[in-house]
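# Residue-level structure breakdown
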Amino acid sequence: MTVLTVKEALVAAQACGLARIDAQLLMLHALNKPDTDRAWLVAHDQDLLDAKVQDEFQAISLRSRAGEPLAYITGYKEFFGLRFAVDKRVLVPRPDTETLVNWALDVLRGINNAQILDLGTGSGAVAIAIANYLKCTVTATDISSDALAVASGNALRLAASVKCVQSSWFDNIETRSYLIVSNPPYIADADPHLVALVHEPINALTAGRDGLRDIQQIVEHAPDHLIAGGWLMLEHGYNQSTEVRELLAKRGFSHVQSRLDLTGIERCSGGQWAN
Ligand SMILES: C[S@@+](CC[C@H](N)C(=O)[O-])C[C@H]1O[C@@H](n2cnc3c(N)ncnc32)[C@H](O)[C@@H]1O
């Protein structure tokens, strides 16, 4: 094997189709350095790579080029300023989901001891972000025991007060909450975008022919699990806001509204249960 310098290995990876930033992050991972050390790569670009590091870099570059999310390769993803451990048992938390967390924090401002429920918690990203920011307890559910194992590991590592409950939506939930948040599956079964998401759990992604099956179920049953004046907030697809607002209004929610994601798309919708 030809021994490469840091720079040569990075250039070769980019020539094979990796983005520069991904190649750098993978190199730092292979070198066992933090992802904040990109300046090190520049300062040391003529260093010869250790054979083991070079092998590892080539192997993980191949995985990345095959479409595996960087977060599964490095084993973590930053969300709301926190570092979450992730693997193929859970969806990689997306920056757009911070919209849901920010909206939840707005609604919870000035409310003490609110019961909060995160449905379909996955890695625990939403529940843990809220619990850590507000120093409160959040109940987090998922149908997947694998996902709950990841979520409870993250809660422990990040010292967040999160109670994990295995449940299909509200099946095992007996309490009423002031806030129910959820980023449920919302992609249509035949959506062409799924091709790019094959590494992530399909149960975290798809929700029937129109992608609205799970949102419909949550909207239908949420009123039985909200206190008067409580809120339901849902993340949904880029083109689903009108339909989700209609579902909420039809079910009797008031103050039905949407929130924009980082790219200006209506990404979350919700309403207040006033009855
Ligand atoms: C889009 S992922 C969201 C994960 C996480 N909340 C996030 O924002 O990164 C949807 C989650 O819902 C869970 N899920 C799917 N069907 C469910 C059901 N019937 N009841 C509860 N959770 C479910 C999946 O296992 C997955 O973790």
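Here, every reference points to the structure presented above.
Residues numbered from 1 in each chain as written. Predicted model: local features only at pLDDT ≥ 70, side-chain atom pairs only at ≥ 80, totals over all residues. Heavy atoms only, no water.

### Side note on the overall build of the protein chain
In terms of helices and strands, the protein chain carries 10 helices and 9 strands. By principal-axis analysis of the C-alpha atoms, the protein chain measures approximately 70 × 40 × 35 Å. The proportion of buried residues among the 275 residues of the protein chain is 49%. Of all intrachain contacts in the protein chain linking residues separated by at least 6 positions in sequence, the fraction that spans at least 24 positions is 62%. A total accessible area of about 13,400 Å² is found for the protein chain, and carbon and sulfur atoms account for 52% of it. (Helix = DSSP H or I, 4+ residues; strand = E, 2+ residues; numbered from the N terminus. Buried < 20%, exposed > 50% of the residue type's maximum accessible area, 1.4 Å probe, protein only. Contact = heavy atoms within 4.5 Å. Areas by Shrake-Rupley, 256 points an atom, 1.4 Å probe, with all protein chains shown as cover.)

### Here we look at the packing of helix 1 (residues 6-15) against helix 2 (residues 20-30)
In contact at an axis separation of 9 Å, helix 1 and helix 2 are set at 135° when each is read in the N-to-C sense. As summarised for this structure, helix 1 and helix 2 are arranged oblique, according to the angle between their axes. Considering the relative orientation of helix 1 and helix 2, their crossing is right-handed. In this structure, helix 1 uses V6, A9, L10, A13 and Q14 to contact helix 2, whose residues at the interface are R20, A23, Q24 and M27. Of the residues belonging to the contact of helix 1 with helix 2, the class tally is 6 nonpolar, 2 polar and 1 charged. (Axes fitted to C-alpha atoms, helices over the stretch in contact; angles between N-to-C directions. Parallel < 35°, antiparallel > 145°, perpendicular 65-115°, else oblique. Left-handed = near helix turned anticlockwise from the far one by under 90°. Nonpolar A, V, L, I, M, F, W, Y, C, P; charged D, E, K, R; others polar.)

### Structural notes on helix 8 (residues 145-157)
Spanning 13 residues, helix 8 covers 18 Å between terminal C-alpha atoms, matching the ideal 18 Å at 1.5 Å per step. Among all positions of helix 8, only A147, L148, V150, A151, N154 and A155 are buried. The arc that holds every buried residue of helix 8, seen down its axis, measures 160°, which confines them to one face. Away from the buried face of helix 8 by more than 90 degrees, exposed residues L156 and R157 are located. (Expected span 1.5 Å × (residues − 1). Arc of directions from axis to C-beta.)

### Some words on the site of the ligand
Close to the ligand lie 17 residues; G120, D142, W169, N183 and A204 are nearest. T121 is positioned with one of its backbone polar atoms (N or O) 3.3 Å from a nitrogen atom of the ligand. Between N183 and the ligand, the recorded distance is 2.8 Å, taken from a side-chain N or O atom to an oxygen atom. Summarising the interface, the protein chains cover 94% of the accessible area of the ligand, which totals 600 Å² for the free molecule. Looking at side-chain class alone, the shell around the ligand contains 7 nonpolar, 9 polar and 1 charged residues. (Near = heavy atom within 4 Å. Polar contact = N/O pair within 3.5 Å; in protein donor to acceptor, adjacent residues only side chain to side chain.)

### Focus on the sheet that holds strand 3 (residues 116-119)
An order of 5-4-3-6-7-9-8 is seen for the 7 strands of this open sheet, with the pairing classed as mixed. The open sheet terminates on both sides in strands that have one partner only, identified here as strand 5 (162-166) and strand 8 (254-260). In this sheet, adjacent strand axes meet at a mean angle of 20° when their direction is disregarded. In terms of strand pairing, strand 3 meets strand 4 (residues 138-142) through 3 bridges, oriented parallel. Counterpart to D118 in the pairing with strand 4 is A140. Here helix 7 (residues 125-134) sits on the sheet in contact with strand 3, strand 4, strand 5 and strand 6 (177-182), set at roughly 175° to strand 4. (Pairing = 2+ DSSP bridges.)

### Some remarks on the nonpolar core
Counting 32 residues, the largest nonpolar core has I116, I128, I130, V162, L179, V181 and M233 as the members making the most contacts within it. Among the elements of the structure, strand 2 (82-85), helix 6 (98-108), helix 7, strand 4, strand 6 and strand 7 (226-235) are those that each provide at least two residues to this core. Filtering out sequence-adjacent residues up to four positions away, V162 remains in contact with A127, I128, A131, V138, A140 and A155. The next biggest cluster of nonpolar side chains, apart from the first, holds 24 residues, and it includes Y186, L226, L232 and V244. (Core = buried A, V, L, I, M, F, W, Y, C linked by side-chain atoms within 4.5 Å.)

### Things to note about the state of the cysteines
Within the structure shown, the criterion is met by 0 disulfides. Unpaired in this structure, C136 has its nearest cysteine sulfur neighbour in C164, at a distance of 14 Å. A residue is classified by how much of its surface remains accessible, and C136, at 19% relative accessible area, is buried. (Disulfide = S-S within 2.5 Å.)

### Focus on helix 1
Turning to helix 1, its buried residues number three or more, namely V6, A9, L10 and A13. Buried residues in helix 1, looked at end-on, bunch into an arc of 100°, giving them a common side. Where helix 1 is buried, its residues meet helix 2, helix 3 (38-43) and helix 4 (51-65). Count one or two residues on from helix 1 and you reach G17, which has phi positive near 110°.

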